[in-house]
Amino acid sequence: MQQTLTLRRPDDWHLHLRDGAMLEGVLPETARHFARAIIMPNLVPPVVTGDHARAYRDRILAALPEGMAFEPLMTLYLTEGTDAADVRAAAESGLVKAVKLYPAGATTNSHGGVRDFDKVRGVLETMAEIGLPLCIHGEVTTPEVDIFDREAVFIDTVLDPLRRANPGLRVVMEHITTEQGVAYARSGTDLAATITTHHLVINRNHILVGGIKPHYYCLPVAKREQHRLALREAAMSGDATFFLGTDSAPHVDALKEHACGCAGCFTATNTMSVLAEVFEQDGKLDRLEGFASLHGPAFYRLPVNEATITLTKGAPVEYPTKIETGAGPVTVFDPGFPLHWTVK
Ligand code: DOR
Ligand code: ZN
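What comes next is a walk through the structure. (Residues numbered from 1 in each chain as written. Chains lettered and ligands numbered in written order. Predicted model: local features only at pLDDT ≥ 70, side-chain atom pairs only at ≥ 80, totals over all residues. Heavy atoms only, no water.)

**Here we look at the nonpolar core**
With 93 residues, the main nonpolar core has Leu17, Leu134, Met272 and Phe279 as its most contacted residues. If we ignore the near neighbours within four places in the chain, the residues touching methionine 272 are Leu7, Pro10, His33, Phe34, Leu288, Ala292, Ile309, Leu311 and Val343. Counting 14 residues, the second largest nonpolar core, distinct from the first, contains Leu73, Tyr77, Ala192 and Phe243. (Core = buried A, V, L, I, M, F, W, Y, C linked by side-chain atoms within 4.5 Å. Buried < 20%, exposed > 50% of the residue type's maximum accessible area, 1.4 Å probe, protein only. Contact = heavy atoms within 4.5 Å.)

**Observations regarding empty space enclosed by the protein**
Rolled over the atoms, a probe with the dimensions of a water molecule shows which regions are left empty. Under the definition given, this model contains 4 cavities of 30 Å³ or more. Roughly 60 Å³ of volume is contained in the second largest cavity. For the second largest cavity, the full set of lining residues is Ile136, Gly138, Glu151, Phe154, Ile155, Leu159, Met173, Glu174 and Ile176. In terms of residues, the lining of the second largest cavity owes the most to one element, helix α5 (residues 150-165), which gives 4 residues. Taken together, the residues of the lining of the second largest cavity sort by class into 6 nonpolar, 1 polar and 2 charged. (1 Å grid on protein atoms, 1.4 Å probe; cavity = no way out; pocket = protein on both sides within 12 Å on 5 of 7 lines; lining within 4 Å. Points joined across faces, edges and corners; volume = space filled by probe spheres on them. Helix = DSSP H or I, 4+ residues; strand = E, 2+ residues; numbered from the N terminus. Nonpolar A, V, L, I, M, F, W, Y, C, P; charged D, E, K, R; others polar.)

**So, the packing of helix α1 (residues 20-31) against helix α2 (residues 50-63)**
Relative orientation of the contacting elements α1 and α2 amounts to 65°, with a least axis distance of 9 Å. α1 and α2 meet at a crossing whose hand is right-handed. Contacts between α1 and α2 involve Leu23, Glu24 and Leu27 from the first element and Arg59, Ile60 and Ala63 from the second. Grouping the amino acids of the contact of α1 with α2 by side-chain chemistry returns 4 nonpolar, no polar and 2 charged. (Axes fitted to C-alpha atoms, helices over the stretch in contact; angles between N-to-C directions. Left-handed = near helix turned anticlockwise from the far one by under 90°.)

**Quick look at the packing of aromatic side chains**
Aromatic ring pairs are described here by two measures, namely the spacing of the ring centres and the angle between the planes. Applying the stated criterion to the full structure yields 8 aromatic pairs. With centroids separated by 6.2 Å and ring planes inclined at 35°, the aromatic side chains of phenylalanine 243 and phenylalanine 299 adopt a geometry described as tilted. With phenylalanine 243 in strand β9 (residues 242-244) and phenylalanine 299 in helix α11 (residues 288-300), the pair connects residues that are 56 residues apart, well separated along the chain. Here phenylalanine 243 matches phenylalanine 299 in class, with each residue buried. Taken together, a centroid distance of 5.9 Å and an interplanar angle of 80° make the contact between phenylalanine 299 and tyrosine 300 edge-to-face. Residues phenylalanine 299 and tyrosine 300 agree in their burial class; the two are buried. Among the aromatic residues, ring-to-ring pairing joins Trp13, Phe243, Phe299 and Tyr300 into one connected group. (Phe/Tyr/Trp six-rings, centres within 6.5 Å; stacked < 30°, edge-to-face > 60°.)

**Examining the site of ligand 1**
Within the structure, ligand 1 sits among 13 residues, and Arg18, Asn42, Leu219, His251 and Ala263 are positioned closest to it. Arginine 18 has a polar side-chain atom sitting 2.8 Å from an oxygen atom of ligand 1. Note that a nitrogen atom of ligand 1 is positioned 2.9 Å from one of the backbone N or O atoms of alanine 263. Burial of ligand 1 by the protein amounts to 100% of the accessible area it has alone, namely 290 Å². Here the shell around ligand 1 is built from residues that sort into 4 nonpolar, 7 polar and 2 charged. (Near = heavy atom within 4 Å. Polar contact = N/O pair within 3.5 Å; in protein donor to acceptor, adjacent residues only side chain to side chain. Areas by Shrake-Rupley, 256 points an atom, 1.4 Å probe, with all protein chains shown as cover.)

So far we have only geometry, and geometry alone does not tell us how the molecule works.
Shown next, in the form of structure tokens:
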């Protein structure tokens with residue numbers, strides 16, 4: 001039986017770090033194992049301009065504990081007022097690695113997102129020209145559409161028309177949760193998809209059966225088992241279309257365990273242990289490096305990391321159930337099965 005696994009140091013292609021005391025609390029959890037991460041811009045107020053992104057990157061680097069190495073890959077939050085020249089300058093300087101599209105109202109702090117795609121046409125044209133990826137939260141926000149159908153409907157009614165209207169635009173379908181998402185990601189060029197750790201583990205029963213479990217509530221919400229299985233197949237297929245974006249999204253417990261609880265699973269602390277367990281469960285440990293360390297840099301046209309991490313297998317490892325941050329306690333994702341792999 002395999003007892004150690006050495007991988008190139010992984011990257012997280014979708015991460016929420018927040019700001020202030022929360023940033024200080026959660027950053028070491030990611031930097032401990034990951035070399036780089038695509039940093040989501042949904043702060044309050046959001047990271048819209050190159051200047052905002054530079055200031056946020058500096059705050060992240062200032063919060064990094066001595067002796068830890070970590071490179072934040074910054075993104076801009078697309079609004080109907082985004083200036084194409086600012087996006088171009090921020091990308092060409094190397095500061096910004098992607099632009100994030102939130103349909104208005106889709107999730108946490110997305111009210112400044114896009115309603116009318118005609119208003120962002122110039123920005124999308126610039127992005128296609130310079131090869132800057134657009135990271136898309138792919139859910140419609142129409143009240144009539146059932147929350148479990150919002151991803152599939154988005155693909156047909158928004159994403160596919162958007163891609164046809166913007167040839168050459170490089171798109172990342174963020175945190176896909178459905179078999180339709182998997183199939184669509186496979187169908188195109190200039191197209192990739194991130195998959196979270198938690199969507200490989202939970203389906204909608206985990207959220208709702210036997211009492212409501214707020215720490216499993218995230219957006220897009222976990223779907224039926226058949227969709228979870230499709231995500232596992234995609235993540236472990238070796239297809240470079242699919243790579244890790246944890247969407248680790250910390251909220252303090254008081255706001256998760258609430259009458260109107262926030263969306264987000266906090267997985268930074270144990271993601272590599274959970275992934276190793278999941279890939280091993282399916283006999284695909286040899287595919288973990290591609291998913292966590294190789295496919296992402298290939299899509300983003302960045303070098304792979306030279307450093308490595310080694311995981312070892314042994315008696316079940318106990319992770320803390322929560323981490324303490326200056327903003328309050330944050331519950332760590334519980335996969336519901338023992339974890340035998342730890343990063344040395
Ligand atoms: O569950 C989620 N949490 N999904 C998102 O899209 C946003 C994120 C957050 O910022 O909390
Ligand atoms: Zn996210």
